[in-house]
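The lines below spell out each chain.
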Amino acid sequence: MASHTDVRPSRVLYGCMGLGGAWDTSPHTAEDIAAAEAAVEAALDAGITVFDHADIYRHGKAEAVFGEVLARTPGLRERIILQTKCGIRLAEGERPGLYDLRGPSIVRRVEESLTRLRTDVIDVLLLHRPDPLTGPEEIAKALASLHGQGLVRRFGVSNMSGAQIAHLRAHLDVPLVANQLEMSLERRDWVESGVLVNTPAAADSGFPHGTLEYCTANGIQVQAWGSLARGRYSDGGDSPAARLVTDLAARKQTTPETILLWWLQRHPARIAPVIGTSRPERILACRDAVHREPELTHEEWYDLWITARGAPLP
Ligand SMILES: NC(=O)c1ccc[n+]([C@@H]2O[C@H](COP(=O)([O-])OP(=O)(O)OC[C@H]3O[C@@H](n4cnc5c(N)ncnc54)[C@H](OP(=O)(O)O)[C@@H]3O)[C@@H](O)[C@H]2O)c1
C-alpha cells in the first residue's frame, strides 16, 4: 500500500463538490476532467494538501474526475491527503433523499469511492450526517472492519453535535479526528451560540452549544464548509460587511477571500476552512490563508462579526 502518512495537512482544505460537471447521472466529460485538473493544480499551487470529497458529490462524478486527475499525475496521490464522506443517499425516483449509516452501506460506499478515486486507501472518512436509525454499535463494527482491512486510515464526522460525537465515540475502537460543520461570516451561529447563552435569542440559534469546546478538548479538528459564503462578501458587493472585508484586505495586502478565512482561523478552536470554488483564480486568492498566520486584531475580528450580524452584541 502506498504511504501517504507523511503529508503535512494544510490549514485550508480544498472542497471538491464543484468538480465533475452537472448534478445528474450523465457521464462526466473530457471538459469536466480538464476543469478538475485546473482546480487541483490551483489548489496545489496555493499550498493546499487536503482534498475533501463525498460519495454523493455530482452523483459520484466529483470523485470520478478526481480519480482521472490522480491517474494522469504520477506521484500526486502520495503528496495529498484524501478525505471523503458517506452516509447520505440522494433521492432516487419516488424515494426522497435519506441518511444511511448501516454497516454494510458504509462498507459498500467506501469500496465504491475507492474505485472512483482510483486509490487503495482513503486517508480520512467522514460520516456525512447522523442517521438516527442506526445505532453506534453497528457503525463501530463497520469502521473497525474498514480500518482493519487497511481501506481507511482515520475517521471523522460531519454536521454532528458534541453530544452525538460523544455518544458515538463511546462505542468506537478508532479515534474521530474531524467534525465538518457549516461555518462562515454569513453562517455565524457557531459563534453566536456561545454569547447568546442566557438571552431569549439563544433559542433561535440552531447550533448545538458546546460542540466547538467538545471537539477542541478531544483533539477533533473542526472543519468549516461554506467558508467563503459562496462569494457573498468577496464579490465586490456593497453591503457594509463586504465593504469592510474589502477594506481590511487592502490594509493587510491580501485578498477578501483571505480575510474571510482568517476570520474563521483566528478563533482558538483552530478551525480549518474548506473552500469550494472551482475557479482557479478564486482558489489562488485563498493562498495567504494557507501560508500566513491570521493577521486580524481582536478589534478587527469583532468588527467583522458585528458588522455582518448587523446588530450590537448582547
Ligand atoms: N459536510 C457537509 O455537509 C458539506 C456541505 C456542503 C459542502 N461541503 C464541502 O465544503 C466545500 C465548500 O463548501 P461550499 O462550496 O458550500 O462553500 P464556498 O466555498 O463558500 O462556496 C463555493 C460555491 O460558491 C460559488 N461562488 C460564487 N461566487 C463565489 C466567490 N466569489 N467566491 C467563492 N465561491 C463563489 C462557487 O462557484 P464557482 O465554483 O463558480 O466559484 C461554489 O459553487 C464543498 O466543496 C464540500 O467539499 C460539505
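It should be noted that the structure appears before, not after, this text.
Report on the accompanying structure. (Residues numbered from 1 in each chain as written. Predicted model: local features only at pLDDT ≥ 70, side-chain atom pairs only at ≥ 80, totals over all residues. Heavy atoms only, no water.)

## A few points about the nonpolar core
For step 1, the next point in the chain: With 82 residues, the main nonpolar core has Tyr14, Phe66, Ile106, Leu127, Trp190 and Trp263 as its most contacted residues.
For step 2, the next point in the chain: Aside from chain neighbours lying at most four places away, what touches Ile106 is Cys86, Leu101, Leu125, Leu127, Ile139, Ala142, Leu143 and Leu146.
For step 3, the next point in the chain: The next biggest cluster of nonpolar side chains, apart from the first, holds 9 residues, and it includes Val7, Val50, Val124 and Ala272. (Core = buried A, V, L, I, M, F, W, Y, C linked by side-chain atoms within 4.5 Å. Buried < 20%, exposed > 50% of the residue type's maximum accessible area, 1.4 Å probe, protein only. Contact = heavy atoms within 4.5 Å.)

## What about the packing of aromatic side chains?
Aromatic ring pairs are reported here in terms of the distance separating the ring centres and the angle at which the planes meet.
For step 1, the next point in the chain: Scanning all chains against the criterion turns up 7 aromatic pairs.
For step 2, the next point in the chain: With 6.1 Å between their ring centres and 65° between their planes, Tyr14 and Phe51 make a pair best called edge-to-face. With a gap of 37 residues between them, Tyr14 in strand S1 (residues 13-15) and Phe51 in strand S2 (residues 50-52) connect regions that are remote in the sequence. Comparing Tyr14 with Phe51, the two get one shared label, buried.
For step 3, the next point in the chain: A centroid spacing of 5.7 Å and a plane angle of 45° characterise the contact between Tyr302 and Trp305, whose relative ring orientation is tilted. Of the two residues, Tyr302 and Trp305 are both situated in helix H12 (residues 298-309); the distance of 3 residues between them amounts to about one turn of the helix.
For step 4, the next point in the chain: Accessibility expressed as a relative area gives 1% for Trp305, which makes it buried.
For step 5, the next point in the chain: One aromatic cluster is present, built from ring pairs that chain together Trp190, Trp263, Trp301, Tyr302 and Trp305. (Phe/Tyr/Trp six-rings, centres within 6.5 Å; stacked < 30°, edge-to-face > 60°. Helix = DSSP H or I, 4+ residues; strand = E, 2+ residues; numbered from the N terminus.)

## Observations concerning the pattern of salt bridges
For step 1, the next point in the chain: With the rule as written, the count across this model stands at 27 salt bridges.
For step 2, the next point in the chain: Notably, a salt bridge pairs Glu182 with Arg230, separated by 3.4 Å at the nearest N-O pair. You can see Glu182 sitting in strand S8 (residues 176-182) and its partner Arg230 sitting in the loop between strand S9 (221-225) and helix H8 (240-251), a full 48 residues away along the chain.
For step 3, the next point in the chain: We classify Arg230 as exposed; its relative accessible area is 60%.
For step 4, the next point in the chain: Within the structure, one salt-bridge network assembled from shared partners comprises Glu182, Glu186, Arg187, Asp189, Arg230 and Arg232. (Salt bridge = Lys/Arg side-chain N within 4 Å of Asp/Glu carboxyl O.)

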